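If you want the building blocks of each chain, they are given just below.
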Amino acid sequence: MRALLVVNPAATTTSARVRDVIGTALSSDLKLEVATTEYRGHARDLARKAAEGGEVELVVALGGDGTVNEVVNGLLHHGPDPEGLPHLAVVPGGSTNVFARALGLPNDAVEATGALLDALRAGSSRTVGLGLVSGTPGTEDEGVPPRWFTFCAGLGFDAGVVGRVEQQRELGKRSTHALYLRQVARQFMADPHRRHGTIDLARPDGEPVDGLTTAIICNTSPWTYLGNKPVYASPEASFDTALDVLGITRMSTLAGARYAAQLLRSTPERGPRGKYAVTLHDLTDFTLQSQVPLPFQVDGDHLGLRTNATFTGVRRALRVIV
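Keep in mind that this is a model prediction, so the values were computed, not measured. Residue positions are given per chain, counted from 1 along the sequence in the order it is written. Residues qualify for local features only when their pLDDT is at least 70, as the model is predicted, and side-chain atom pairs are given and counted only at 80 or more; totals for whole chains, interfaces and linings, by contrast, use all residues. Computation of side-chain values: all heavy atoms of the structure, hydrogens and water removed.

Colleague: It is not clear to me how the pattern of salt bridges should be interpreted in this structure. Could you clarify?
Modeller: Charged atoms that come close allow side chains of opposite charge to pair. Any carboxyl oxygen of Asp or Glu within 4 Å of a side-chain nitrogen of Lys or Arg constitutes a salt bridge here. Summed over the entire model, instances satisfying the criterion amount to ten salt bridges. Ionic pairing is found between Arg 48 and Glu 52, a salt bridge with its closest N-O pair at 2.8 Å. Here Arg 48 and its partner Glu 52 are both found in helix H2 (residues 42-53), four residues apart, which amounts to about one turn of the helix. Salt bridges here are not isolated pairs; linked through shared partners, they connect Asp 29, Asp 118 and Arg 121. Numbering of helices and strands runs from the N terminus, with a helix taken as a DSSP run of H or I at least four residues long and a strand as a DSSP run of E at least two residues long.

Take a look at the structure:
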């Protein structure tokens, strides 16, 4: 099988030596070409070229969730085709690796490489559903390019935290769970809209939901991890269904503390609930519109401020080796 290994040299949990070992191991079973990313968006460009060339059968992403997201967007540049496009494989190298872990892969890069080789030898794969977000027609955001996401997107409070974490990492801080929790607290104190939500959700086949302070869109479960602890914002979300939404309409100090505690105690059977929590399951199409620009994130990548976003849940979008 002809394969392309896309390597992010800045992956936080792998060294150059480990990446060489992984490349050597994959070369034993694959006709492997290795490409190292050199700029933001390079993984997307490499995957798009592989998909358009028609010769590569498998693209392996070695990096964190950002690298995986870029590879997926490159593969799906012309739209989903699970059987015609190169298949995707993931070797986790980031700090959280939500997509890889949601697929059931080990969080250690070397162990995950062994699991990948076992899957290739067994011919084991599955199709996964993905989310697609684009600018809403007729709004100031309609020209925003569409973006695929593998596990989550967010508008409002959640995305504000992601933006703060990115700012700290650009200043040289390590991505730790303590850093993340500090930014949650700072976002909570600084967010002017947490008591009175500005986000409205509209869907073609259901009642609208108004006044959300934050909207978390999940393509799978768990939503994220704190160390080895999975956190479930939408426990019913799955790669086999469309998109789930957790919305919060009010985050006073008491309500915010309650929902934070519920997230920390969440399980595959039970996520946040209560007077101000809105949960929606298996949505194929919906739009979020905010009265004011709010932070927006996709797969943990902060994309600036948005007022409008249209979401589509696409079942059977991509075939993954697992």
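Colleague: Explain the packing of aromatic side chains here, please?
Modeller: By convention here, two paired aromatic rings are described through the distance between centres and the angle between planes. Aromatic pairing here means that ring centres of Phe, Tyr or Trp (its six-membered ring) are within 6.5 Å. Orientation follows from the plane angle: under 30 degrees is stacked, over 60 is edge-to-face, and everything else is tilted. Taken as a whole and judged by the stated rule, the model has five aromatic pairs. The interplanar angle of 80° and the centroid separation of 6.4 Å between the aromatic rings of Phe 157 and Phe 188 together place this pair among those described as edge-to-face. Of this pair, Phe 157 sits in helix H6 (residues 157-170) while Phe 188 sits in helix H7 (residues 177-190); the two residues are 31 residues apart in sequence, bridging distant segments of the chain. Comparing Phe 157 with Phe 188 shows no difference in burial state: the two are buried. Each residue in the set Phe 149, Phe 286, Phe 296 and Phe 311 is aromatic and connected to the rest through ring pairs, giving one cluster. We call a charge positioned above a ring when the Lys NZ or Arg CZ atom is no farther than 6 Å from the ring centre and deviates by at most 35 degrees from the ring normal. Against the face of Tyr 225 rests Arg 101, its NZ or CZ located 3.8 Å from the ring centre. Above the ring of Tyr 259, the side-chain terminus of Arg 258 is found at 5.3 Å from the ring centroid. Relative accessibility thresholds used throughout: buried, under 20% of the residue-type maximum; exposed, over 50%; partly exposed, between the two (1.4 Å probe, protein chains only).

Colleague: Explanation requested: the layout of surface pockets in the structure shown.
Modeller: A volume near 540 Å³ is recorded for the second largest pocket. What lines the second largest pocket is a set of 25 residues, and nearest its centre among them are Phe 157, Val 184, Tyr 259, Ala 260 and Leu 263. Elements with a contribution of two residues or more to the lining of the second largest pocket: H6, H7, strand E10 (214-218), strand E11 (224-226), strand E13 (243-248) and helix H8 (253-264). Among the elements that make up the lining of the second largest pocket, the one with the highest residue count is H8 (seven residues). Residue polarity is assigned by list, with Asp, Glu, Lys and Arg as charged and Ala, Val, Leu, Ile, Met, Phe, Trp, Tyr, Cys and Pro as nonpolar; anything else, Gly included, falls into the polar class. Of the residues assigned to the lining of the second largest pocket, the class counts are 20 nonpolar, four polar and one charged. Of the two site types, the cavity is a set of points on a 1 Å grid over the protein atoms alone where a 1.4 Å probe fits but cannot get out, and the pocket is an open set with protein on both sides within 12 Å along at least five of seven lines, each lined by residues with an atom within 4 Å of a point. Grid points are joined across faces, edges and corners, and a volume is the space filled by probe spheres set on the points.

Colleague: I keep staring at the UniProt feature "domain: DAGKc" (unreviewed entry) in the chain and nothing clicks. Help me out?
Modeller: UniProt positions are given in the numbering used here, feature names are shortened, and annotations may be inferred rather than shown by experiment. Under the feature "domain: DAGKc" (unreviewed entry), the UniProt entry names residues 1-137. The span residues 1-137 is 39% helix and 25% strand, and its two end C-alpha atoms sit 42 Å from each other.

Colleague: What's the story with the side chain of Asp 141 in this structure? I'm lost.
Modeller: Within the fold, Asp 141 resides in the loop between strand E5 (125-134) and strand E6 (147-149). The sign given to each residue is positive for Lys and Arg and negative for Asp and Glu; His and the chain ends receive no count. In this structure Asp 141 is buried but unpaired, with Arg 306 as the nearest side chain of opposite charge at 4.0 Å. Those residues in contact with Asp 141 that lie beyond four places of it in its chain are Gly 135, Thr 136, Arg 306, Thr 307 and Asn 308. Note on definitions: a residue-residue contact is assigned when non-hydrogen atoms from the two residues lie within 4.5 Å.

Colleague: Would you mind going over the nonpolar core with me for this structure?
Modeller: Note on soluble globular proteins: their nonpolar side chains tend to be buried together. To qualify as a nonpolar core, a set must consist of buried Ala, Val, Leu, Ile, Met, Phe, Trp, Tyr and Cys residues joined through side-chain atoms within 4.5 Å. The biggest cluster of nonpolar side chains holds 55 residues, and the ones touching the most others in it are Val 71, Leu 88 and Phe 99. Residue contributions to this core peak at five residues, all from H2. The domain limits used here are those given by an automatic or database domain assignment. Looking at this core, you find at least three residues from each of domain 1 (2-123) and domain 2 (132-314). If near-sequence neighbours (up to four positions away) are discounted, Val 71 is found in contact with Val 6, Ala 43, Arg 44, Ala 47, Val 59, Ala 61 and Leu 88.

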